Amino acid sequence: MSILFTLLNGAFTIFSYALIIYILMSWFPGARESQFGYFLGRLCEPYLEQFRKFIPPIGMIDISPIAAIFTLQLARIGLNQLFLMIGW
């Protein structure tokens, strides 16, 4: 079970970094139109879209990625606590 915990924890970490990179790519013109940008878009947009349904942009600022990263970190903490309660 320790391997499962390590894999899931690593997946949360990698996805968090992917979200941060994808968000930062919006600051650079044409970065999201690159092949890497398209890959991250296909990976991150379905998750971010769930938050954009409930949190509309404020002017030109989209705060839904902040809520998405926060929720992802809460899920990661919950996973850690779950495995601690089980005893692994």
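The rules behind each value
Residues numbered from 1 in each chain as written. Predicted model: local features only at pLDDT ≥ 70, side-chain atom pairs only at ≥ 80, totals over all residues. Heavy atoms only, no water. 1 Å grid on protein atoms, 1.4 Å probe; cavity = no way out; pocket = protein on both sides within 12 Å on 5 of 7 lines; lining within 4 Å. Points joined across faces, edges and corners; volume = space filled by probe spheres on them. Helix = DSSP H or I, 4+ residues; strand = E, 2+ residues; numbered from the N terminus. Contact = heavy atoms within 4.5 Å. Patch = residues over 30% accessible without salt bridge, like charges linked within 9 Å, V, L, I, M, F, W, Y side chains within 5 Å. Areas by Shrake-Rupley, 256 points an atom, 1.4 Å probe, with all protein chains shown as cover. Salt bridge = Lys/Arg side-chain N within 4 Å of Asp/Glu carboxyl O.

### Thoughts on the layout of surface pockets
Next up, step 1: By volume, the largest pocket is sized at about 240 Å³.
Next up, step 2: Lining the largest pocket are Ile23, Ser26, Trp27, Arg32, Arg52, Ile61, Asp62, Ile63, Pro65 and Ile66.

### Considerations on the environment of Tyr47
Next up, step 1: Structurally, the position occupied by Tyr47 is in helix H2 (residues 35-52).
Next up, step 2: Sequence spacing of Tyr47 and Leu19 is 28 residues, and the spatial spacing of their C-alpha atoms is 9.4 Å.
Next up, step 3: Here Tyr47 is in contact with Phe15, Leu19, Ala68, Thr71 and Leu72, once residues within four sequence places are set aside.

### What about a nonpolar patch on the surface?
Next up, step 1: A contiguous nonpolar surface patch, about 990 Å² in accessible area, is contributed by Tyr17, Ile20, Ile21, Leu24, Trp27, Phe28, Phe36, Phe39 and Leu43.
Next up, step 2: At the level of secondary structure, the elements contributing two or more residues to the nonpolar patch comprise helix H1 (2-25) and H2.
Next up, step 3: With four residues, the single largest contributor to the nonpolar patch is H1.
Next up, step 4: Considering the arrangement of structural elements, one finds Phe36 in helix H2.

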